[in-house]
Amino acid sequence: MTGNKKRSGIKKWLIAAVILLLAAVAVLWYLFTEKFDDTKTVKADYTVEAGAFMQEFKKDIRQANAKYTEKIIVVSGVISAIEMADTTANIKINDSLSGSYIIFAFQDQHLAEARALKAGDRVSIKGSCSGGNYSEILESEKIEFKRCTLTK
Amino acid sequence: MKKTTLILALVMTTGSLFAQKKTTTSAVISFDATTAIDALPKADNKTAIASLDTKTGKLAFEVTIKNFAFSNPRIQEHFNAEGWMNSDKFPTATFKGDIKNLKDVNFGKDGSYKVTVAGEITIHGVTKPIESTGTIVVSGSKIKATSDFKIKLEDFNVNGGAIAAGKVSKEPAISVNAEF
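Values in this document were obtained by computation on a predicted structure and should not be read as measured data.

Rules of the game
- Residues numbered from 1 in each chain as written.
- Chains lettered and ligands numbered in written order.
- Predicted model: local features only at pLDDT ≥ 70, side-chain atom pairs only at ≥ 80, totals over all residues.
- Helix = DSSP H or I, 4+ residues; strand = E, 2+ residues; numbered from the N terminus.
- Buried ≥ 20, exposed ≤ 12 C-beta atoms within 10 Å, placed from the backbone.
- Contact = placed C-beta atoms within 7 Å.
- Domains from an automatic or database assignment.
- Arc of directions from axis to C-beta.
- Pairing = 2+ DSSP bridges.
- Axes fitted to C-alpha atoms, helices over the stretch in contact; angles between N-to-C directions.
- Core = buried A, V, L, I, M, F, W, Y, C linked by C-beta atoms within 7 Å.

### Comments concerning the overall build of chain B
Each helix and strand counted, chain B has three helices and eight strands in total. Taken from the N to the C terminus, the helices and strands of chain B come in the order α-β-β-β-α-β-β-β-β-α-β. Buried residues in chain B amount to 33% of all 180 residues. Across chain B, every contact between residues at least 6 apart in sequence was considered, and the portion connecting residues at least 24 apart equals 54%.

Pasting the structure below:
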């Protein structure tokens, strides 16, 4: 009788340990196979106009970086240039007076959208903001985005 | 007055036609730190800034660490964290150097030219000398510069348990591709 109780207790512990182990494996599997969602399906944290957005960085870059970095933002403005290469199609919106600019690198599945655009088009682009900093090469400020897509 | 304007316009046009410093804001820098047991630590940055002076051979790159795009959110977060690249404190990586065999490159003639580039690379706030080979392809008005090389993470004070555990390569492969 006592032996049966002991075996039953060990069995319960073993089952609990296996469940915990499977749960841990499932969590790790999820964390390491997780992929960024298609930005088209992600809700934006902010919606801004390009000119005002650049001004905000110019006014206080530290505060703007704290507010916007790694956030999903919809930026509206007029395209200044499209820089295309084999695997890229980056959209640029420039501030012609200061030389500062915003650049949007598109998600692979949305590259065709960027390639179809041209300078002068008014667009709304949604992407993950990587913040702003100063370029010593260009002697101007820039704000960079990754995983971008068009919203319209 | 008209003559002065004409001369000024001529000087400006000639200057832009023969401009020697070329820049791009869409150079691609990729790194691959994958190992046999982890295929995730690799990423591309498609908005690197590069400049090339075709007269002096001076070459420079700047890349924003936070704009490296990973497929996995967790790995991207680790990459930017304090224990790794600490991108809040060290937001950019840079390279400044020269093409050592500039005389072998004819920027006025289409072709593929092997070059050796030497200079200083700064990553994670640490500056080290570096030398690498690369290729410059001239095609009409376009110049394409590519190079592949490896860096040792410990040289740049980038250490972590994942490296010791074999999940991140001690010597990631870096690939640079710039079109001017």
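Having put the structure on the table, let's press on.
### With respect to the domain arrangement of chain A
Under the domain assignment, chain A is made up of domain 1 (1-34) and domain 2 (39-150). Using C-alpha coordinates to define each centre, domain 1 of chain A is positioned 49 Å away from domain 2 of chain A.

### What about the interface of chain B and chain A?
Contact with chain B, which involves 23 residues of that partner, is made by 24 residues of chain A. Breaking the side of chain B that touches chain A down by element, the ones donating at least two residues are β1 (21-32), β2 (42-53), β3 (58-64) and α2 (73-80) of chain B. Residue contributions to the side of chain B that touches chain A peak at five residues, all from β1 of chain B.

### Observations concerning helix α2 (residues 50-59) of chain A
Residue and element names in this part refer to chain A. Along α2, the residues classified as buried are A50, F53, M54 and F57. Seen end-on, α2 carries its buried residues on one side only, within an arc spanning 95°. Looking at α2, the residues exposed on the side facing more than 90 degrees away from the buried face are A52 and K59.

### Topic: the environment of I136 of chain B
Residue and element names in this part refer to chain B. The topology assignment puts I136 in strand β6 (residues 126-139). As for I136 and F107, which are separated by 29 residues in sequence, their C-alpha atoms are 9.1 Å apart. With residues near it in sequence (within four places) discarded, I136 still touches V105, Y113, V115, I143 and A145.

### Side note on the sheet that holds strand β1 (residues 46-49) of chain A
Residues and elements named next belong to chain A. In space, the seven strands of this open sheet follow the order β1-β2-β6-β7-β5-β4-β3, with mixed pairing throughout. With one partner strand each, in any of the chains shown, β1 and β3 (81-84) form the two edges of the open sheet. Between one strand axis and the next, the sheet turns by 35° as a mean value, whatever way the strands run. Note: strand β4 (residues 89-94) against strand β5 (residues 101-106), five bridges, orientation antiparallel. Note on β5: the bridge partner recorded for I93 is I102. Across the sheet, α2 is in contact with β1, β2 (72-78), β4, β5, β6 (122-135) and β7 (140-150); its angle to β1 comes to roughly 100°.

### Some thoughts on unusual backbone geometry
Residues and elements named next belong to chain B. Backbone geometry places N86, a non-glycine residue, at a positive phi of 50°. Mapped onto the elements, N86 comes out in the loop between α2 and β4 (92-99). N86 gets classed as partly exposed once you count the C-beta atoms within 10 Å, which come to 16. If you check the backbone angles, H124 has positive phi at about 60° while not being a glycine. The topology assignment puts H124 in the loop between β5 (111-123) and β6. With 17 C-beta atoms counted inside 10 Å, the residue H124 sits in the partly exposed group.

### A closer look at the nonpolar core
In this structure, A27, I29, A48, A50, F61, F79 and V176 of chain B are the most contacted members of the largest nonpolar core, which totals 36 residues. Those elements that place two or more of their residues in this core are β1, β2, β3, α2, β4, β5 and β8 (173-179) of chain B. A total of five residues in this core trace back to one element, the largest contributor, which is β2 of chain B. Those residues in contact with A27 of chain B that lie beyond four places of it in its chain are A48, I49, A50, F61, V176, N177 and A178 of chain B. In terms of nonpolar packing, the next biggest core, distinct from the first, is built from 24 residues, A64, Y68, I91 and F104 of chain A among them.

### Some words on the environment of L59 of chain B
Residue and element names in this part refer to chain B. Here L59 is to be found in strand β3. Looking at L59, the number of C-beta atoms within 10 Å reads 24, which means it is buried. A sequence separation of 34 residues divides L59 from A93, and the C-alpha atoms of the two residues are 14 Å apart. Setting aside residues up to four positions removed in sequence, L59 forms contacts with L52, G97, D98, I99 and V117.

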